[in-house]
Amino acid sequence: MSADERLRVIFKRVHVRDDADWIGSGEWYFRATVNNTPVGDTSFTFNAVQDRYIRLPASQWYAIEPVGDRRDVIVRFQAIDRDVTVDDDLGSVEKTLSYPYRQFNYRGRHSTEYFILDWDVELSVQGRFGRHPPNTVFATRQHSGTVSYNTVSGTGGMARLEICPVRPTPPDGSLPRRPTLLPSAAALPPERNDAHADIVTAGHVPILVPENIMPNPPVIPILTPPTAEWEPGNPPRANSESAARIEFSYYHPANLNFTDADPRLEWSFRSLSGGAAVGFAGPSQGRKVLVYGTSAGEVLLEIRFQGALFATYRALVQSIRCIRYRANILNGPNAASRPRSTPENVRDHIEVANRFLRQMGLMLIPDRNRPLRHNARRTGIDGIFRISVPANRTRNLGTLAAFRWATRRNARANVAHPNGPILNIAYVHSAHRPGHAPPQPIWGAATDFPANGPGAAANSIFDTDTGNAPAAGTDPPSPTTSWYRAAGHGAGVPPDLDPDPAGTEMGLVGPFQRPGPPNVSNLFAFLISDATPVNPATAPGMMHFGRTIAHELGHVLNLRHRTGAGDDGLQYPEHENVMCQGEPATVGQDFDIIQARAASRGPLVTP
Amino acid sequence: MIPRVLFVFVLAASCLLACSESGQQAEAEIKEGNMTRDVYRVLESSKDPMELASAARELARSSQVNDHEVLLGFLRSEDFLKRLDSEEDYQGPSLRLRVGRVLMALRENNAEIAHTTLVRLTQEREFTKNWSRADLLILAVAVVRSAPPEVIKFWDQHCQPEDGFMSLTIGAIVENGSRPAMALLEKKMADDRFDEEERIGWMRVVILLHRHDLPLLESCERMLASGLPEKLRPPLVEALFDYRPDEWYGADPDIEPPPLEKATPEARRQLRRIGELASRTMLLSVRQKKAIEKTLEEIDNNR
């Protein structure tokens, strides 16, 4: 509902103190104006009996005044006694209503020696006049990073809403500075919704976990609208488990008590590029919405608080892209040289990885084609195989040569494959960096990937709101624009002070390919090591292995670490990104818009 | 002339002191004996792995021969080892095993007896037959310098093609750095049963991390002069003088060479000698030559 700032003055009744007639009752009529506009029927004469009330017909004795421009409202009321010869002026009362307005019952406050006027001021909230609870918001105004609001009781404050693209949301000290709020966050605390996603908890089966469990993704997937006809070959239908979950991470003050489907918060979108369009699977109101794409490009979601722009959220709109994989469990000759992960565990790990990858509109699907290599054996689960190897090929792997031997096992040749490239994943018993005391265990290692793009584009990628190339010499210490615009000083609301208007540049890695003929050199591969304290069959284990798969696939898609060795230059967030090196799976969960851009143009991702 | 009274007083005081000291010593011995007996009781019968690990570590940190004899006895015992770490524990990473903490305590103990215990363990088949324990022992004995024949033999046995220990062992050998260890390294580097790419990998990880250690540099000089197959000599030169993380480590470039300014003067002289030898006798690429030149220049600038 757009802004509805209207005020209603209702003249309710007149108490007759003195009827002004020597004998019998008076014959009174009234002249009332609201901002000089006459109100009521001045031709009608009321019988005025001393110490009694004259009730004014509600259908006539009111005026509605728009007050969006915060004008003063001048209310005047005059009573006149009709006489045979000359009418007697019984006096008038006047009141100026100024911003901030408030609903009020004026009883006994405005009088002359002859009468007392009872009248009301009501404010319209979402199209409805009436007596509203005192904290009901009446009017809002947009500012830089905040919205000022006034309630029907005349109080007000500064409100702020954030839809942080990073989940879990980093602590306040790591976020871009917020504007000063009044009342302060100490006086009126905020409401937060910033926890990590529990993709798997004890007893959960990953395949049953909704695909859209990670909120605020950088990619809104293109899906079939909920009520449209679906045919084979169409994208999946949009519903509560497939559409992108976009939700608040913070609002202040908490006593605004926003709800999930709150009509005070209205969502809309506009295309930033490519003619992007989205729909809402469910109401487009409230602090949480489900959004699906209908046309590719880049879109800006806008959230308005009773008409005032409150926050924005930028996202890409793309189809879900599939990456075919093979996963090979490399078993040595004895229990001390075999990964603990079973084929069922690997399947679960892939499902967890898919929840992380969904943020970038990517999904791993098993390769179902027949030819197997290196004596790989089927396990009954599509895309997952076992291979018997010597102990040194799966245990205590410490060099690139050893890693690459492992990831070559049962790899499909990727030269112009009709189904697109196949990702090869090797599960090994243990891998580490030798030479340290103790050796550093390695959870995963990407061993083969080509460049992300040709020439200079292979080394970095830019992200700007308009998609324009940045000015030469752009120095990107600032965070990505998605981070900044949605959760920065301006919460993405004009007039934002974007510190990096030319755009943000993120470094890429690659190519990293082994020498050899095309069917060897053109691999996309990584290994997963069992050298972790978590059991791969448990919920924490599934989270760990799933996140590690998503992380290593990130490298294969040319993403560098966000923080850690060989970082991508952005450094934000410090811990909460999937590409932050060494973070636990309950912290490093996020992929952002600039990473999604880079990933989508990688050669492993088929259009 | 000391007055008699004073003499008697001093004598009495001395006797009292002597008795007190021997009393204190006896008390300490008794206390220690009690402690050892308590620890023994725990090791003998406790089923609490944390308690067992704590008791074993206490013995490992000791400088008393008896304590180490006791410890060794238990580390030979399959029953004890099973009480310390369960079958499920052994399915996880070796570094997480509680027996590993005992070995680390031995490693960190500077007392000679602790290192002797480690060396003796390398000969205990009951202990080393388990691959996870063998991993841990390979790493623990790296501190025993100069590496005695038993340790060299143990490492040699656990650095065979296809055995699943070799990269751990190479790391331990290089960390050890003693003359016998370097001889073993040279032997392995020259062994064509090991994959060439694997040996290059050892250079780019293990040798690079220690490339300013003097014993290792001396060993590298010997390898470049004659011990190493010719094809592997340029990669060894690269590992000593160059650093190409994107090319060698890919997306996880978390291996960094030690800074040259921290190298000792002897190490820098040795590095110079190697650089000059390589430039003189080897067919190097332009890039490899430039890497040597750059390093020698840095050595000159840091003089």
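To start, this report covers the structure provided alongside it. (Residues numbered from 1 in each chain as written. Chains lettered and ligands numbered in written order. Predicted model: local features only at pLDDT ≥ 70, side-chain atom pairs only at ≥ 80, totals over all residues. Heavy atoms only, no water.)

## Some words on the overall build of chain A
Now for step 1: Scanning chain A from N- to C-terminus turns up 6 helices and 33 strands.
Now for step 2: Over its C-alpha trace chain A gives a radius of gyration of 33 Å, far above what one expects of a compact globule, namely 25 Å for 607 residues.
Now for step 3: Across its three principal axes, chain A shows a C-alpha extent of roughly 120 × 50 × 45 Å.
Now for step 4: When burial is assessed residue by residue, chain A has 57% of its 607 residues classed as buried.
Now for step 5: Sequence-distant contacts in chain A: of pairs separated by 6 or more residues, those separated by 24 or more amount to 69%.
Now for step 6: Put simply, chain A shows about 23,300 Å² of open surface, and 52% of that area lies on carbon and sulfur atoms. (Helix = DSSP H or I, 4+ residues; strand = E, 2+ residues; numbered from the N terminus. Rg over C-alpha atoms; globule rule 2.2 N^0.38 Å. Buried < 20%, exposed > 50% of the residue type's maximum accessible area, 1.4 Å probe, protein only. Contact = heavy atoms within 4.5 Å. Areas by Shrake-Rupley, 256 points an atom, 1.4 Å probe, with all protein chains shown as cover.)

## Describing the overall build of chain B
Now for step 1: Along chain B, the regular secondary structure elements total 18 helices and 0 strands.
Now for step 2: Counting over 303 residues, chain B shows a buried share of 51%.
Now for step 3: Counted over contacts in chain B with a minimum sequence separation of 6, partners at least 24 positions apart contribute 67%.
Now for step 4: Just so you have it, chain B exposes about 15,300 Å², and 52% of that area is on carbon and sulfur atoms.

## Structural notes on the environment of Pro 215 of chain B
All names here are of chain B.
Now for step 1: Structurally, Pro 215 can be placed in helix α14 (residues 214-227).
Now for step 2: Of the residues examined, Pro 215 reaches a relative accessible area of 34% and is grouped as partly exposed.
Now for step 3: For Pro 215 and Ala 267, which are 52 residues apart along the polypeptide, the C-alpha to C-alpha distance reads 8.7 Å.

## Examining the pattern of salt bridges
Now for step 1: Inspection of the entire model under this criterion finds 59 salt bridges over all chains.
Now for step 2: Here Arg 287 of chain A ties to Asp 260 of chain A by a salt bridge, and the two come within 2.7 Å at their closest N and O atoms. Pair noted here: Arg 287 of chain A is in the loop between β19 (277-280) and β20 (288-295) and Asp 260 of chain A is in the loop between β17 (250-252) and β18 (265-273), with a separation of 27 residues, a long-range link.
Now for step 3: Here Arg 98 of chain B makes a salt bridge to Asp 89 of chain B, at a shortest N to O gap of 3.0 Å.
Now for step 4: In this structure Asp 89 of chain B comes out as partly exposed when scored by relative accessible area, which is 27%. (Salt bridge = Lys/Arg side-chain N within 4 Å of Asp/Glu carboxyl O.)

## What about the pairing of strand β10 (residues 115-123) of chain A?
Residues and elements named next belong to chain A.
Now for step 1: Counting buried residues along β10, 9 of its 9 residues qualify, which places the element largely inside the surrounding structure.
Now for step 2: Where strand β1 (residues 6-16) lies against β10, 9 bridges are found, and the strand directions are antiparallel. Paired with Val 16 across the strands is Phe 115, a residue of β10.
Now for step 3: Across 5 bridges, the pairing between strand β9 (residues 104-111) and β10 is antiparallel. The residue bridging Phe 104 from the neighbouring strand is Val 121, located in β10.
Now for step 4: Following β9, the chain reverses through 3 residues before pairing antiparallel with β10. (Pairing = 2+ DSSP bridges.)

## A closer look at the interface of chain A and chain B
How large an interface is tends to be reported as the accessible area lost when its parts come together.
Now for step 1: Taken together, the contact between chain A and chain B spans 43 residues of the former and 39 residues of the latter.
Now for step 2: Buried surface at the junction of chain A and chain B, summed over both partners, amounts to about 3,000 Å²; 58% is from carbon and sulfur atoms.
Now for step 3: The largest share of the area that chain A buries against chain B comes from Asn 392, Arg 395 and Arg 433 of chain A, three residues that together contribute 18% of it.
Now for step 4: On inspection of chain A and its partner chain B, the count reaches 12 residue pairs in polar contact (both at pLDDT 80 or more).
Now for step 5: Elements that contribute at least two residues to the side of chain A that touches chain B include exactly α2 (400-408), β28 (432-433), β30 (444-448) and α5 (539-556) of chain A. (Buried area = accessible area lost by both parts, 1.4 Å probe. Polar contact = N/O pair within 3.5 Å; in protein donor to acceptor, adjacent residues only side chain to side chain.)

## What to know about the nonpolar core
All names here are of chain B.
Now for step 1: Among the nonpolar cores identified, the biggest contains 92 residues, and Leu 43, Phe 80, Val 99, Leu 103, Trp 155, Leu 185 and Leu 236 are the most heavily contacted of them.
Now for step 2: Broken down by element, the residue count for this core peaks at 8 residues, all from helix α13 (residues 196-209).
Now for step 3: With sequence-adjacent residues up to four places away left out, Leu 43 is seen in contact with Leu 52, Ala 55, Ala 56, Leu 59, Phe 74, Phe 80 and Arg 83. (Core = buried A, V, L, I, M, F, W, Y, C linked by side-chain atoms within 4.5 Å.)

## Things to note about the sheet that holds strand β15 (residues 219-221) of chain A
All names here are of chain A.
Now for step 1: Strand order in the open sheet formed by 4 strands is β15-β22-β21-β18, and the pairing between neighbours is mixed. Every other strand in the sheet has two partners, leaving β15 and β18 as the edge strands with one partner each. The sheet shows a mean angle of 40° between the axes of neighbouring strands, taken without regard to direction.
Now for step 2: Of the strand pairs in this sheet, β15 and strand β22 (residues 308-318) are connected by 3 bridges, and their pairing is parallel. (Axes fitted to C-alpha atoms, helices over the stretch in contact; angles between N-to-C directions.)

## Overview of the packing of helix α3 (residues 65-75) of chain B against helix α7 (residues 112-121) of chain B
To describe two helices that pack against each other, one gives the angle between their axes and the distance between the axes.
All names here are of chain B.
Now for step 1: Direction vectors running N to C along α3 and α7 enclose 25°, while the axes themselves pass 10 Å from each other. Overall, the two elements α3 and α7 adopt an arrangement that is roughly parallel. For the pair α3 and α7, the crossing hand works out as right-handed. Judged by residue contacts, Val 65, His 68, Glu 69, Leu 72 and Leu 75 of α3 engage Ile 113, Ala 114, Thr 117, Arg 120 and Leu 121 from α7.
Now for step 2: Tallied by class, residues from the contact of α3 with α7 come to 6 nonpolar, 2 polar and 2 charged. (Parallel < 35°, antiparallel > 145°, perpendicular 65-115°, else oblique. Left-handed = near helix turned anticlockwise from the far one by under 90°. Nonpolar A, V, L, I, M, F, W, Y, C, P; charged D, E, K, R; others polar.)

## Topic: the environment of Leu 136 of chain B
Residues and elements named next belong to chain B.
Now for step 1: Along the chain, the position of Leu 136 falls in helix α9 (residues 131-140).
Now for step 2: Put simply, Leu 136 and Cys 159 are 23 residues apart on the chain and 14 Å apart in space, counted from C-alpha to C-alpha.
Now for step 3: With sequence-adjacent residues up to four places away left out, Leu 136 is seen in contact with Ser 94, Leu 95, Leu 97, Val 99, Gly 100 and Leu 103.

## Focus on unusual backbone geometry
All names here are of chain A.
Now for step 1: Following Tyr 99, the chain continues into Pro 100 via a peptide bond in cis, with omega recorded as 0°.
Now for step 2: Tracing the backbone shows Pro 100 in the loop between β8 (88-97) and β9.
Now for step 3: The linkage connecting His 252 with the following residue, Pro 253, adopts the cis geometry, with an omega of -5°.
Now for step 4: For Pro 253, the location among the structural elements is in the loop between β17 and β18.
Now for step 5: Phi is positive for Asn 36, close to 70°, though the residue is something other than glycine.
Now for step 6: Its place among the elements puts Asn 36 in the loop between β2 (26-34) and β3 (37-39).

## Considering the sheet that holds β20 of chain A
All names here are of chain A.
Now for step 1: Across the sheet, which stays open at both edges, the 3 strands sit in the order β16-β20-β19 with antiparallel pairing between neighbours. Among the strands making up the open sheet, the edge pair consists of β16 (244-247) and β19. Neighbour-to-neighbour, the strand axes of this sheet turn through a mean angle of 45°, independent of strand direction.
Now for step 2: Across 4 bridges, β16 lies against β20 in antiparallel orientation. Bridging across to β20, Ile 246 finds its partner in Val 289.

## Describing the side chain of Asp 67 of chain B
All names here are of chain B.
Now for step 1: Summarising the element assignment, Asp 67 is placed in helix α3.
Now for step 2: At 10 Å, Arg 61 is the nearest oppositely charged side chain to Asp 67, a buried residue that forms no salt bridge.
Now for step 3: Polar side-chain contacts of Asp 67 include one of 2.6 Å to the side chain of Ser 62. (Lys, Arg positive; Asp, Glu negative; His and termini not counted.)

## Examining the packing of aromatic side chains
Now for step 1: The tally for this structure, following the rule as stated, stands at 26 aromatic pairs over all chains.
Now for step 2: Measuring from ring centre to ring centre gives 5.3 Å for Phe 11 of chain A and Phe 77 of chain A, while their planes differ by 35°; the resulting arrangement is tilted. Taken together, the residues span a long stretch of sequence, with Phe 11 of chain A in strand β1 and Phe 77 of chain A in strand β7 (residues 73-81) at a distance of 66 residues. For the pair formed by Phe 11 of chain A and Phe 77 of chain A, the shared burial category is buried.
Now for step 3: Judged by centre distance (5.5 Å) and plane angle (65°), the rings of Tyr 40 of chain B and Phe 74 of chain B are edge-to-face. Taken as a pair, Tyr 40 of chain B in helix α1 (residues 4-45) and Phe 74 of chain B in helix α3 lie far apart in primary sequence, 34 residues in all.
Now for step 4: Taken together through their ring pairs, the aromatic side chains of Phe 11, Trp 28, Phe 30, Phe 44, Phe 46, Trp 61, Phe 77, Phe 104, Tyr 106, Phe 115 and Trp 119 of chain A make up a single cluster.
Now for step 5: Note that Arg 404 of chain A overlies the ring of Phe 512 of chain A, its terminal NZ or CZ placed 4.6 Å from the centroid.
Now for step 6: The ring of Phe 127 of chain B has Arg 133 of chain B sitting right over it, with the charged end atom 5.4 Å from the ring centre. (Phe/Tyr/Trp six-rings, centres within 6.5 Å; stacked < 30°, edge-to-face > 60°. Lys NZ or Arg CZ within 6 Å of the ring centre and 35° of its normal.)

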